[in-house]
Amino acid sequence: MGEAPIYLPPNVLALIRDTAYTYTRWQVIAMLFLGFSAGLPFLLVFSTLNARLADVGVETATIGFFSWLGITYSIKVFWAPVVDRLKLPVLDRLFGKRRSWILLSQAGIAAGLYLMSRTNALAAPETLALFGLLVAFSSATQDVAIDAYRIEIAQERLQAALAATYIFGYRLALLVAGAGALYVAEFWSWEVSYQVMAALVGVGALTVLIVKEPEVNHFAAAQDIAHRIEEEVEKRSHLPERLARLTGWFYAAVAGPFLDFFRRYRELAVAILVLVAVYRISDIAMGVMANPFYLDFMGFSKTQVADVTKVFGFFMTIVGSMVGGVLVVRYGVRRILLAGAVMTAATNLLFVLLAQQPPDIAALALVVSADNLSGGIANVALIAWLSSMTSASFTATQYALFSSLMTLPGKFLGGFSGIVVANFGYAEFFLIAGLMGVPAILLVLFMMRHGARLDALAPVKHEEDALVK
């Protein structure tokens, strides 16, 4: 007799079907490689660069000044309007707006890394800093362009899956640019290491050449705003036509994205921005004191902490992101946004229990698993939701605003975490961090209550979005 066929419940079959549908789409696969392209330059102007400087004997004070290169990532919202509005000569005609900006950024990254490889850090640190600034500026610009591309190539329900593969690729690139660059430098030289990294920019460039340009009308609303401003300037200020047109263009590029957002969502706009600001506060504030808690308070060794939080935690974050991508496709973004907010706050309470128990590596692994799983789900749900909030005319600028708000409050409040621990203790700190997640939960519930109105106001970038809303 033959073996009995394996029976799978309908819900399991549906989950398998949704997973296969989600992660075999070309858009989702493309974001794996574009995520790698985005993550590759990051450490090469941060910790890897600091290791290079220290290795060749650059003074500590000078190394500290190199950290200013990171400011470019925090202020990218200021030139995001240019990425939204400016058509690059020749490149735009050949590749389209989004792909042309990504390719230009990648050219800047590769050139900057190669020039950094040829510069003597000890003899010419100022020159190295200038080339590092080229890499950082190009990398931040690439982030803006890739975020806009991701939002425009697929409907809302795929955005979490796109974010999941993007995060996977990004983290792989961090391993390559971190440990990989150090290995190459150890066996060959820093010059070879940075040249290898410059060559790896080709992974992202090849991807851009293969993938499609989004079919989105970027300019309709922005041109309409610019035309109205031209009329107002000409009527009231009696300026020359060229100056009026320039003023209208500037107004549409810089003020247009913000006017569009507030006019569209009206009184809900403030609630949306507050939710963006507070959604990750609990997670970010807790993370500041995580390593001191593991090492100093619990007494785990550096190897144990690295194994559990860095290696094991890395895979659990990826699993959480992938699961979140499927759940958003299956249940919709706002439900998973709520689940992520609840899980993030709840996992901080697990750290409260961990702080009251004797050191146990198994318990640490369990809590870290829950924390990274919930963080992965919450992060991709937030990215998917924010992506649906952006207008097709101002995708890059509006998402750059959201991404800046996502981490700023948490990082600011995280600066006070040491004071809280010193005065109250770790258990109390994790309890406070968990309670800081309550406003996010309440605001998501508020958004769910106004879901029908948000769906009506949100711009439809794809026909599929209109079907699932």
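The sections below set out a description of the structure shown in this document. Only a predicted model underlies this, so the values are computations on that prediction, with no experimental measurement involved.

This part is about the overall build of the protein chain. Along its length, the protein chain carries 25 helices and zero strands. Expressed as a percentage of the 469 residues in the protein chain, the buried residues total 52%. When contacts within the protein chain are restricted to residue pairs at least 6 apart in sequence, those whose partners lie at least 24 apart make up 82%.

Here we take up the packing of aromatic side chains. On inspection of all chains with the given rule, the structure shows 14 aromatic pairs. Where Trp190 meets Tyr194, the ring centres are 6.4 Å apart and the plane angle is 55 degrees; that geometry is what we call tilted. In this pair, Trp190 and Tyr194 both sit in helix 11 (residues 190-210), four residues apart, roughly one turn of the helix. Among the residues examined, Trp190 registers a relative accessible area of 12% and is labelled buried. Taken together, the ring pairs connect Phe293, Tyr294, Phe351, Tyr426, Phe429 and Phe430 into an aromatic cluster. Positioned above the aromatic ring of Tyr194 is the side chain of Arg52, whose terminal nitrogen or guanidinium carbon lies 4.9 Å from the ring centre. The ring of Tyr399 carries the charged tip of Arg150 above its face, separated from the ring centre by 5.0 Å.

Let us now look at unusual backbone geometry. With phi around 70 degrees, Val90 is a residue other than glycine that occupies positive phi space. On the secondary structure map, Val90 appears in the loop between helix 6 (80-85) and helix 7 (91-95). Positive phi is not limited to glycine here, since Arg266 has a value of about 50 degrees. Among the structural elements, Arg266 can be located in the loop between helix 13 (241-265) and helix 14 (268-278). On the basis of relative accessible area, Arg266 is assigned to the exposed category, the value being 51%.

Here helix 16 (residues 290-297) crosses helix 18 (residues 333-355) at 15 degrees, and the two axes come no closer than 12 Å. Taken together, the axis directions place helix 16 and helix 18 in an arrangement best described as roughly parallel. Pair helix 16 / helix 18 crosses with left-handed handedness. Contacts from Phe293, Tyr294 and Phe297 of helix 16 reach helix 18 at Phe351, Leu354 and Ala355.

With that settled, the discussion passes to the environment of Leu174. One can find Leu174 in helix 10 (residues 159-187). Sequence spacing of Leu174 and Leu40 is 134 residues, and the spatial spacing of their C-alpha atoms is 6.0 Å. With residues near it in sequence (within four places) discarded, Leu174 still touches Gly39, Phe42, Leu43 and Ala179.

Okay, the side chain of Gln27 next. With respect to the helices and strands, the residue Gln27 is situated in helix 2 (residues 26-44). Judged by relative accessible area, which is 6%, Gln27 ranks as buried. Of the polar contacts made by the side chain of Gln27, one reaches the side chain of Trp26; its length is 3.4 Å. In contact with Gln27, other than residues within four places in its own chain, are Ile153, Ala154 and Leu162.

Conventions we followed
Residues numbered from 1 in each chain as written. Predicted model: local features only at pLDDT ≥ 70, side-chain atom pairs only at ≥ 80, totals over all residues. Heavy atoms only, no water. Helix = DSSP H or I, 4+ residues; strand = E, 2+ residues; numbered from the N terminus. Buried < 20%, exposed > 50% of the residue type's maximum accessible area, 1.4 Å probe, protein only. Contact = heavy atoms within 4.5 Å. Phe/Tyr/Trp six-rings, centres within 6.5 Å; stacked < 30°, edge-to-face > 60°. Lys NZ or Arg CZ within 6 Å of the ring centre and 35° of its normal. Axes fitted to C-alpha atoms, helices over the stretch in contact; angles between N-to-C directions. Parallel < 35°, antiparallel > 145°, perpendicular 65-115°, else oblique. Left-handed = near helix turned anticlockwise from the far one by under 90°. Polar contact = N/O pair within 3.5 Å; in protein donor to acceptor, adjacent residues only side chain to side chain.

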